[in-house]
Amino acid sequence: MAPMPFPAAPVPPADADLRRISARTAADLQDVCRAHGWALQITAGEPMNGNGYVDFPPLRVDVAQQIVAGLRRLLAGRCPECTAIKRRRAQAVAERDVHTATAMAEAMGRHQRAAH
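What you see is a predicted model; the values in this text were computed from it and never measured.

S.K.: So what exactly am I meant to see when it comes to the overall build of the protein chain here?
M.R.: Looking only at helices and strands, one finds four helices and two strands in the protein chain. Each helix (α) and strand (β) of the protein chain, taken in turn from the N terminus, gives the series α-β-β-α-α-α. Here the C-alpha radius of gyration of the protein chain, 18 Å, is well above what a compact globule of 116 residues would show, namely 13 Å. Dimensions along the principal axes, computed over C-alpha positions, put the protein chain at roughly 65 × 35 × 25 Å. Considering the protein chain as a whole, with its 116 residues, one finds that 19% of them fall into the buried category. In the protein chain, once contacts between residues fewer than 6 apart in sequence are set aside, the share between residues at least 24 apart is 41%. For the protein chain, the accessible surface area stands at approximately 8,900 Å², while carbon and sulfur atoms represent 60% of it. Counting 15 positive and 11 negative side-chain charges, the protein chain places the centres of these two groups 6 Å from one another.

S.K.: Before we go on, may I ask you to explain the state of the cysteines in this structure?
M.R.: Each disulfide consists of one covalent bond between the sulfur atoms belonging to two cysteines. Here the structure, examined in full by the defined rule, presents zero disulfides. Of all cysteine sulfurs, the one in C79 lies closest to C82, which takes part in no disulfide; the gap is 4.0 Å.

S.K.: Looking at this model, I keep getting lost on the packing of helix α3 (residues 80-94) against helix α4 (residues 98-115). Mind explaining?
M.R.: Geometrically, a packed helix pair is captured by the angle between its two axes and the distance between the axes. Remark: α3 packs on α4, axes separated minimally by 8 Å, with the N-to-C direction vectors making an angle of 160°. Viewed along their axes, α3 and α4 adopt a mutual orientation that is roughly antiparallel. Relative to α4, α3 is oriented so that their crossing is left-handed. Packed against α3, whose contacting residues are E81, C82, I85, K86, R88, R89, A92 and V93, the element α4 presents T100, A101, M104, A105, A107, M108, H111 and Q112 at the interface. Looking at the contact of α3 with α4 residue by residue, the classes come out as nine nonpolar, three polar and four charged.

S.K.: Explain the pattern of salt bridges here, please?
M.R.: A side chain with one charge may pair with a side chain of the opposite charge, provided their charged atoms come close. Taken as a whole, this structure holds four salt bridges when the rule is applied. The salt bridge involving R20 is made with D17; its shortest N-O contact spans 3.9 Å. Within this pair, R20 and its partner D17 are both found in helix α1 (residues 15-35), separated by three residues, close to a single helical turn. Taking the shortest distance from any N to any O, the salt bridge between R60 and D62 comes out at 2.9 Å.

What counts and how
Throughout this description, residue numbers start from 1 for each chain and increase along the sequence as written. Totals for whole chains, interfaces and linings use all residues, but because this is a predicted model, local features are given only for residues with pLDDT of at least 70 and pairs of side-chain atoms are given and counted only at 80 or more. Note that water and hydrogens are dropped before the side-chain values are worked out from all heavy atoms of the structure. Working definition: helices are DSSP H or I runs of at least four residues, strands are E runs of at least two. Numbering for both runs from the N terminus. For the radius of gyration, the atoms used are the C-alpha atoms, and the globule rule reads 2.2 Å times the number of residues raised to 0.38. Three labels apply to residues, based on accessible area from a 1.4 Å probe with only protein chains included: buried if under 20% of the type maximum, exposed if over 50%, partly exposed otherwise in between. We call two residues in contact when some of their heavy atoms are within 4.5 Å. Here the Shrake-Rupley method, with its probe set to 1.4 Å, supplies the accessible areas, and only the displayed protein chains count as covering residues. For this count, His and the chain ends are skipped, Lys and Arg are scored as positive, and Asp and Glu as negative. Charged side chains are reduced to one point each, which is NZ for Lys, CZ for Arg, CG for Asp and CD for Glu. Disulfides are defined in this document as cysteine sulfur pairs within 2.5 Å. Here an axis means a line fitted to C-alpha atoms, over the contact stretch when the element is a helix, while the angle between two N-to-C directions is reported on a 0 to 180 degree scale. For classification purposes, an angle smaller than 35 degrees is called roughly parallel, one larger than 145 roughly antiparallel, one from 65 to 115 roughly perpendicular, and anything else oblique. In a left-handed crossing the near helix is turned counterclockwise from the far helix by less than a right angle, and in a right-handed crossing that turn is clockwise. Note that Gly is not counted as nonpolar here; it falls among the polar residues with everything else outside the nonpolar set of Ala, Val, Leu, Ile, Met, Phe, Trp, Tyr, Cys and Pro and the charged set of Asp, Glu, Lys and Arg. The term salt bridge refers to a side-chain nitrogen of Lys or Arg lying within 4 Å of a carboxyl oxygen of Asp or Glu.

Function cannot be inferred from these measures alone, as they are strictly geometric.
Here it is, written out as structure tokens:
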């Protein structure tokens, strides 16, 4: 029986794709902030090391505290199964286990459709 070849490492996204994703994310984040009455100018950052970024302006402490409180509420209500799947996928990505990472992404999709 021939050994199974190790899957190739995932190809990092192109800078153009990262810029597009960063711009869309910055626009979405800015829309959410405006809906809360915060006049923040959030922009797309430059891609680095295969990652996209968004740039925040300096935040007033009260705005940062409201964001922190909202994130805490969001994370406190996280589904335990979602948490377990995300943790397993993150571990697989860190270990470069493409097969498990893919399986966990598919499991999350199935779980989201079924439970949420």
